[in-house]
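This is what each chain is made of:
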Amino acid sequence: AQIMLNRPKNSLRLALFYCFLLAALGLFAFLTRTMQPPDVSIKTITNKTINLSALRGRVVLITFWASNCGNCLKEIVHFKSLYNDYHQAGLEIIAIAMQYDRPDHVIAASKSLQIPYDIALDLTNKLAVAFGDVRLIPTTILINPNGDIVYNTTGIFDLANMQTRIESLITQ
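None of the values given here were measured: they were computed from a predicted structure. (Residues numbered from 1 in each chain as written. Predicted model: local features only at pLDDT ≥ 70, side-chain atom pairs only at ≥ 80, totals over all residues. Heavy atoms only, no water.)

Looking at the overall build of the chain
Alright, step 1. Of regular secondary structure, the chain possesses five helices and seven strands.
Alright, step 2. Listing each helix as α and each strand as β along the chain from the N terminus yields α-β-β-β-α-β-α-β-α-β-β-α.
Alright, step 3. The buried share of the chain, reckoned over its 172 residues, is 40%.
Alright, step 4. Surface summary for the chain: the accessible area is close to 10,200 Å², and the carbon and sulfur share equals 58%. (Helix = DSSP H or I, 4+ residues; strand = E, 2+ residues; numbered from the N terminus. Buried < 20%, exposed > 50% of the residue type's maximum accessible area, 1.4 Å probe, protein only. Areas by Shrake-Rupley, 256 points an atom, 1.4 Å probe, with all protein chains shown as cover.)

A few points about the pairing of strand 5 (residues 118-121)
Alright, step 1. Sheet analysis places strand 4 (residues 91-97) next to strand 5, joined by four bridges and oriented parallel. Looking across to strand 5, one finds that Ile94 is bridged to Asp118.
Alright, step 2. Handedness of the strand 4-helix 3 (residues 103-112)-strand 5 crossover: right-handed. (Pairing = 2+ DSSP bridges. Right-handed = clockwise from strand over helix to strand, strands pointing away.)

A closer look at the sheet that holds strand 7 (residues 149-154)
Alright, step 1. With respect to topology, five strands assemble into an open sheet ordered 5-4-3-6-7, the strand pairing being mixed. Each edge of the sheet is formed by a strand with only one pairing partner; in this case those strands are strand 5 and strand 7. The sheet shows a mean angle of 15° between the axes of neighbouring strands, direction not considered.
Alright, step 2. As paired strands, strand 3 (residues 59-65) and strand 6 (residues 139-143) are joined by five bridges and run antiparallel to one another. Counted as the bridge partner of Val60 is Ile143 from strand 6.
Alright, step 3. Contacts from helix 3 reach strand 3, strand 4 and strand 5 within the one sheet, and its direction differs from that of strand 5 by about 170°. (Axes fitted to C-alpha atoms, helices over the stretch in contact; angles between N-to-C directions. Contact = heavy atoms within 4.5 Å.)

Things to note about helix 5 (residues 159-170)
Alright, step 1. Look at helix 5: 16 Å from first C-alpha to last across twelve residues, which is about the 16 Å you get at 1.5 Å a residue.
Alright, step 2. When we look at burial in helix 5, the residues that qualify are Leu159, Met162, Ile166 and Leu169. In a view along the axis of helix 5, the buried residues occupy a sector of 95°, so they form one face of it.
Alright, step 3. Its buried side turned inward, helix 5 meets strand 3, helix 2 (70-86), strand 4, strand 6 and strand 7. (Expected span 1.5 Å × (residues − 1). Arc of directions from axis to C-beta.)

Observations regarding unusual backbone geometry
Alright, step 1. Cis geometry marks the peptide bond from Ile137 to Pro138, where omega comes out at -5°.
Alright, step 2. Mapped onto the secondary structure, Pro138 falls in the loop between helix 4 (126-130) and strand 6.
Alright, step 3. Phi angles above zero are rare outside glycine, and Asn47 is one such case at about 70°.
Alright, step 4. Its place among the elements puts Asn47 in the loop between strand 1 (41-43) and strand 2 (49-51).
Alright, step 5. Phi at Asp133 takes a positive value of approximately 60°, unusual for a residue other than glycine.
Alright, step 6. Take Asp133: it is sitting in the loop between helix 4 and strand 6.
Alright, step 7. Assessed through its relative accessible area of 33%, Asp133 is described here as partly exposed.

Any functional reading would require information beyond the geometric quantities listed.
If you want it as structure tokens, here you go:
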């Protein structure tokens, strides 16, 4: 009689184990998936048009920022360093100013901070929406040479971690 009582418990435990295993596998698949960036054209403050799809084969780092965002301004030093270290090896950086950022402030910041990479204005909020409805800044998006988004973070990114990520993508 005792064997009969343990069988339902064992079946329940086995069922719970399989449910947990499936959930864990689903979470792993979700967290490790790659996403495609939107196929957008980006107009820079120097009147250059960048078609994101044309940058396939290069590593692309996109940052959403604003000239009145303290953390965004702190990150510019990191972006300039990354640009200087990796641009010749294939890194492109595009800084997209949020819709509410005044164009004259963005242009003034780009000049005073001597930003060497491309800067765009998102005057209609089209780019922020296309990249997943970006609302919090700074938001940084890393795209591999195959055109997949492989990293997306909000807040100040870790420079050493980003260097490692970029180096591994450039050497692929």
